[in-house]
Structure formats: C-alpha cells, structure tokens
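Observations on the model geometry
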Amino acid sequence: MRPSARRGQVAARRPACLLPCLPPFLPAMLLPWVRRVAARRLSRDLPLACSCTAQGPSPRGYSRGAGGKGLVLGIYSSEKDEGAAQFTSAGDAFDRLVCGKLRELLAVCGPPLKKGKTRIFHGLHQDFPSVVVVGLGKKNAGVNDQENWNEGKENIRAAVAVGCRQIQDLEIPCVEVDPCGDAQAAAEGAVLGLHEYNELKQKKKPVVTPQLHGSAESEAWQKGVTYAEGQNLARYLMEAPANYITPIKFAERIEQKLRSFSNVKVHIRPESWIATQQMGAFLSVAKGSAEPPIFLEIHYLGGANTNDSPLVFVGKGVTFDSGGISLKPSSGMDAMRADMGGAATVCSAIVTAAALNLPLNIIGLAPLCENMPSGKANKPGDVVRAKNGKTIQVDNTDAEGRLLLADALCYAHNFNARAIVNAATLTGAMDVALGSAATGVFTNSSWLWTHLYEASILTGDRVWRMPLFEHYTKQVTDCPLADLSNIGKYSRAGGACTAAAFLKEFVTASHWAHLDIAGVMSNKDEVPYLRKGMAGRPTRTLVEFAARLSQDSHNT
Ligand code: BES
Ligand code: ZN
Ligand code: ZN
C-alpha cells in the first residue's frame with residue numbers, strides 16, 4: 001500500500017490530532033508569548049509526551065517497534081534570522097495531517113533548528129510513534145564553488161544520517177525518510193549513516209531499514225540506495241580484519257557479489273598465472289607472505305557492443321601492509337588492513353555499475369597480496385623486474401603499492417582502454433598534503449580530470465588535482481642499480497608526487513589517472529554521514545564518473 005494512501009486512511013478513521021491546538025501560522029513577533037502560553041498548556045493537558053532531546057521518554061500507549069515506524073522530516077533554515085523555518089513538502093503534508101501540531105511543537109521547544117541539528121517528537125501520529133525533524137540548512141543551497149561540492153546535497157545526506165541514527169537509538173526497526181527534494185541524496189544519507197561493521201560482535205546494533213516517505217522520486221531513492229550500498233561494500237571490505245579478508249577471501253567476496261549478473265565475468269588468477277605474466281614486481285611483494293597472491297580480473301560488459309573500448313579500473317589490493325622488512329611502527333599498524341582500499345573501491349564501483357546496469361564496458365584489475373617480513377621477503381636494495389621489463393630497486397619495502405600497481409598498469413594496456421583509472425592507499429604523504437578533504441588525482445588527461453571533478457561535485461566525495469611534473473620523475477629515475485627506485489631521492493619531500501611519477505613510468509595510455517586515496521581511507525568525524533571507521537571513499541565518485549562516461553561520446 002502506498003504510504004500516502006495509508007496516511008489518508010488513518011486520518012479518516014480517527015482524529016489524527018492528538019495534541020491541543022494552537023494557531024497553525026504564527027507571526028514571528030508573537031512567538032515568545034506563544035511559547036509561554038503553549039508551554040503552560042502543554043504541561044497541563046498534553047496527552048502524550050514530546051521531547052526535544054535525542055532520547056525522550058517513551059510515549060505512553062505507543063510501543064516502539066510494534067508496527068509503528070520512525071519518520072525523518074526535513075526543515076530548512078529561514079533566510080532571515082527572524083522568519084519561521086520552512087518545512088519540506090513532506091514535512092508540510094505531515095504537519096497538515098496532525099493539524100499543525102508539528103509546527104506548534106517546533107515553535108515552543110527551542111530556537112529554530114540549525115543545519116544538522118534535530119528534534120524528536122513522540123506520539124504525534126499512531127503510524128509514526130517517533131518523528132525526528134532534521135535541519136537542512138538553507139533551502140537554495142546548491143553548488144558551492146569554494147567548497148567544490150553541492151552543499152544542498154551534502155546537507156541532506158548529513159541531516160538524514162543523523163535523523164536515522166536517532167531512530168536506531170530508539171530501536172525502531174523501520175524509518176521512513178523525507179526525500180527532502182533530492183531523494184538520491186536522502187537515500188545516501190540514510191544508508192551510509194546507518195552502516196556499521198559489527199559482523200564479528202555478538203551484541204549488534206538494532207537493524208533499521210530506511211524507506212522513502214511518500215511515493216514520489218522512488219527511482220532517485222533507489223539510485224541513492226544503490227550508490228550507498230556500493231560504498232558500504234567497500235567500507236565492509238576495508239574494515240574487516242586482515243585474517244578475514246585475505247587475497248582469496250576478497251576475490252571470492254567480489255565474485256559472489258557479481259555472480260547474478262550474466263554480463264559479468266570474474267577471473268580469479270592464481271600465483272602461477274601471475275608468474276606467467278612476468279609480474280616480477282608484484283610477486284616480489286607477495287613472496288614475503290604465507291598467504292598466496294591473487295590477481296582479480298573483472299569484465300563488466302554493459303556497453304552496446306562487447307568490443308566497445310572499456311574503462312579500466314585498477315586497485316591496490318594489499319590486504320595487510322606491515323611494511324615488510326622496512327617494518328612500520330606497531331602503533332596504528334592495524335589500520336593497514338585497509339591497504340586494499342583501492343581494490344575495494346574500484347571493485348565495489350563495478351558491482352554498483354552492474355546493479356545500475358550502466359551502459360558501458362568496465363574492466364577491473366586488482367593485484368591482491370600481503371606485505372609481510374619474512375626470510376623470503378624483499379630486502380632493501382633488492383632489484384626486481386616489472387612486466388614491461390623495467391628494473392626497480394626496492395629501496396624501501398614499505399613502498400610496496402607502486403610495485404603491485406606497476407605490473408597491473410602494464411597489464412591494463414592490453415585492453416585498448418578509453419581510460420585507465422587506478423586507486424590506491426599509496427602514500428602517507430597524501431594524507432599530509434590534503435588530509436581527508438579530498439582524494440588526490442594525478443592525471444595526464446584534462447578530459448579525464450574534468451569528468452572525475454564534475455562527478456565529485458555531485459557526490460560530495462571530492463577530488464583535487466595534483467602535479468605529475470618531470471621534476472618528480474627525475475627523483476625516481478636517478479637510481480644506482482636499476483631503471484627506477486621505488487622511493488624518491490629526497491626521501492619524504494613530495495612523497496605523493498614521487499609515487500605518482502613512479503607509476504607514470506608504467507603508463508603509455510593518453511587518458512590515465514592515479515587516485516591516491518590514503519588521506520580519505522578512514523573517517524573520524526570529518527564526514528558527518530559516515531560513522532568512525534574505514535570510509536570506502538571515493539566509491540560513489542567512481543560510480544558517478546563511470547555513469548558520466550557512459551553518457552559521453554567516445555570522442556575525447
Ligand atoms: N600503505 C602505505 C601508505 C598509507 C599510509 C596508506 C597511511 C594509508 C595511510 C604505503 O604502502 C606506504 O607505506 N608508503 C610509504 C612510502 C614511503 C616508504 C616512501 C609511506 O607513505 O610512508
Ligand atoms: Zn607500505
Ligand atoms: Zn601500502
């Protein structure tokens with residue numbers, strides 16, 4: 001049954017208004033008076049509880065979770081400080097359904113709702129025992145060209161996420177979400193905001209299922225759910241412990257996600273295949289571990305012709321990076337279970353592209369292994385040979401990502417790609433440069449840059465262009481024993497740029513981009529709609545980029 005029809009029925013069956021009436025539209029100057037009077041009335045004869053805190057009392061007569069749903073409704077800030085806040089159309093409709101009570105309660109229970117702030121009301125309507133009103137900020141917020149993102153969408157994601165979490169705290173199993181004028185952003189906020197990795201805990205947070213409130217914009221809502229589930233898959237893979245997500249387990253998980261699509265082929269290449277491909281740089285990293293390496297190769301054929309030039313995604317898949325013989329400090333080393341974030345984001349982007357049935361061909365390549373110290377591990381000063389014949393002096397075994405990627409990038413050139421895009425948690429220096437604000441993009445193609453950049457404005461998972469100067473190339477090609485050193489000659493200076501310059505030595509394609517995602521690997525509290533933990537960024541930007549490419553003519 002459509003929610004709108006159900007709401008109509010409820011109103012006809014019994015009076016929906018359960019609270020004493022105040023005039024529905026209040027001039028701003030009367031507000032202080034109204035607040036005083038209403039507060040007296042509410043304390044005298046209010047039949048049900050309302051709460052302006054996150055955890056109000058349970059409304060008597062209304063059992064949480066017994067059929068009732070949570071409801072998240074948006075409200076815009078007023079343009080002028082004095083003016084009344086403005087509901088979204090769903091908020092307005094709900095307020096009418098409860099005879100203006102929502103507006104009245106909002107007026108009496110505190111100052112106007114600021115962006116990202118919430119108020120909970122209990123007992124307004126039998127179908128929705130708890131209603132969370134969330135502040136959306138200014139109604140006309142659009143693209144902010146200082147911030148390089150669509151602020152309106154970001155505000156919706158953040159507000160909906162916090163509203164849904166409050167419903168989760170109340171242990172209500174289902175929440176209807178106001179589309180807030182952009183159902184895709186609302187769905188992303190809900191699905192991303194509720195996600196948490198708790199697979200290995202016996203006591204789990206209650207599961208809350210978000211649903212669209214009303215029947216309009218259901219396609220956009222579903223698109224948002226699919227985008228967010230894609231990012232959540234990457235978060236899951238990155239967050240999971242390294243003893244659970246080994247190279248083979250990673251590959252099997254992706255294979256399982258893609259099994260139902262008839263236009264997808266997954267090849268899980270074993271070590272013997274990697275050896276026949278002469279991927280000496282990749283193998284040199286893998287041989288330090290007892291866990292065998294895997295080269296995962298995905299072909300998604302969504303294009304009009306199976307032989308249309310594909311977009312090729314390549315992702316660094318180090319399922320644990322201890323640093324190898326150049327061992328990392330033990331403090332914080334556990335975070336290196338997410339050093340397969342490049343592989344996780346590109347593979348999740350392909351799973352999402354398949355779910356969206358995007359009309360283009362995509363190939364995904366993920367070299368997967370562990371970087372461990374052992375008697376068989378690379379030693380500083382060792383020289384290895386990559387697939388294209390170039391020799392590499394391994395001056396620091398912790399700069400292992402570029403070794404895997406060197407071989408995978410060589411292999412990527414077999415497919416006559418429209419574009420090659422690789423993602424990798426490659427350097428700590430990238431985190432130093434931009435922190436978690438944006439993914440660093442090093443590219444030889446302004447066409448590719450424009451597509452990535454424009455995609456990121458929509459998703460809010462931003463990118464920032466970084467240099468690929470010859471200046472940095474000189475620092476990796478000046479090497480005593482081999483064609484290249486795996487670290488820059490001036491050690492830490494410009495570390496993200498020397499790593500990118502190193503990768504460039506394995507690229508001949510004219511549209512290539514390297515995304516250094518080390519800075520955006522995890523979230524503390526910077527992105528308000530992601531909980532603390534591994535972030536799965538920039539999966540949605542990769543998906544949006546692929547969607548844009550599928551609409552672009554093949555002429556670059
Ligand atoms: N996986 C790390 C980079 C990293 C650091 C990712 C922090 C996410 C968060 C990479 O393999 C690495 O260790 N790089 C070294 C390179 C250095 C030895 C030239 C680094 O950044 O310190
Ligand atoms: Zn490393
Ligand atoms: Zn690494």
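Presented here is an overview of the structure given in this document. (Residues numbered from 1 in each chain as written. Chains lettered and ligands numbered in written order. Predicted model: local features only at pLDDT ≥ 70, side-chain atom pairs only at ≥ 80, totals over all residues. Heavy atoms only, no water.)

1. What about the layout of surface pockets?
Taken as a whole, the largest pocket holds about 990 Å³ of empty space. Lining the largest pocket are 39 residues, and of these K328, T427, G428, A429 and R492 sit closest to its centre. At the level of elements, α12 (401-412), α13 (428-434) and α16 (495-504) are the ones that each hand at least two residues to the lining of the largest pocket. Ranked by the residues each element gives to the lining of the largest pocket, the list is headed by α13, at 4 residues. Taken together, the residues of the lining of the largest pocket sort by class into 12 nonpolar, 16 polar and 11 charged. Its volume calculated, the second largest pocket comes out at about 760 Å³. Lining the second largest pocket are 27 residues, and of these V191, H195, E196, E229 and N232 lie nearest its centre. (1 Å grid on protein atoms, 1.4 Å probe; cavity = no way out; pocket = protein on both sides within 12 Å on 5 of 7 lines; lining within 4 Å. Points joined across faces, edges and corners; volume = space filled by probe spheres on them. Helix = DSSP H or I, 4+ residues; strand = E, 2+ residues; numbered from the N terminus. Nonpolar A, V, L, I, M, F, W, Y, C, P; charged D, E, K, R; others polar.)

2. Details of empty space enclosed by the protein
By the definition in use, this model includes 2 cavities of 30 Å³ or more. Considered as a void within the structure, the second largest cavity measures approximately 50 Å³ in volume. Lining the second largest cavity we find S284, V285, G288, G324, I325, N371, M372, A377, N378, T397, E400 and L403. Of the residues that constitute the lining of the second largest cavity, the class distribution is 5 nonpolar, 6 polar and 1 charged.

3. What to know about the coordination of the zinc ion (ligand 2)
Those donors, D321 (OD), D398 (O), D398 (OD) and E400 (OE), are the protein atoms that reach the zinc ion (ligand 2), and they lie 2.0 to 2.2 Å from it. One can describe the donor arrangement at the zinc ion (ligand 2) as irregular, given that its 6 donor atoms subtend angles of 70 to 168° at the metal. Mapped onto the sequence, the residues coordinating the zinc ion (ligand 2) show the spacing D-x76-D-x1-E. A separation of 3.2 Å is found between the zinc ion (ligand 2) and the zinc ion (ligand 3), both of which receive a donor from D321. (Donors = N, O, S within 2.8 Å, 3.2 Å for Na, K, Ca; no water. Tetrahedral: all angles 85-135°; square planar, octahedral: opposite > 155°, others 65-115°.)

4. A short note on the packing of aromatic side chains
Within this structure, the stated rule accounts for 9 aromatic pairs. Ring centres of F94 and F128 lie 6.1 Å apart, and the angle between their planes is 75°; on these two criteria the pair is classed as edge-to-face. Remark: F128 occurs in strand β4 (residues 128-138) and F94 occurs in helix α3 (residues 89-97); sequence separation between them is 34 residues. Take F94: its relative accessible area is 0%, and that puts it in the buried class. Geometrically, the ring pair formed by F502 and F506 is tilted, given 5.4 Å between the ring centres and 45° between the ring planes. Comparing F502 with F506, the two get one shared label, buried. The structure contains a cluster of three or more aromatic residues connected by ring pairs, namely W273, F295, Y411 and F415. For R462, the ring lying beneath its charged end belongs to W149, and the centroid distance is 3.8 Å. (Phe/Tyr/Trp six-rings, centres within 6.5 Å; stacked < 30°, edge-to-face > 60°. Buried < 20%, exposed > 50% of the residue type's maximum accessible area, 1.4 Å probe, protein only. Lys NZ or Arg CZ within 6 Å of the ring centre and 35° of its normal.)

5. Section: the pattern of salt bridges
A complete count under the given rule lists 23 salt bridges for this structure. Across the pair D339 and K316 runs a salt bridge whose closest N-O atoms are separated by 3.1 Å. With D339 in the loop between β12 (317-321) and α11 (341-356) and K316 in the loop between β11 (311-315) and β12, this pair connects stretches of sequence that are 23 residues apart. No difference in accessibility class separates D339 from K316, as the two residues are buried. Because the salt bridges share partners, they merge into one network encompassing E154, R157, E188 and R540. (Salt bridge = Lys/Arg side-chain N within 4 Å of Asp/Glu carboxyl O.)

This is a description of form; function is not addressed.
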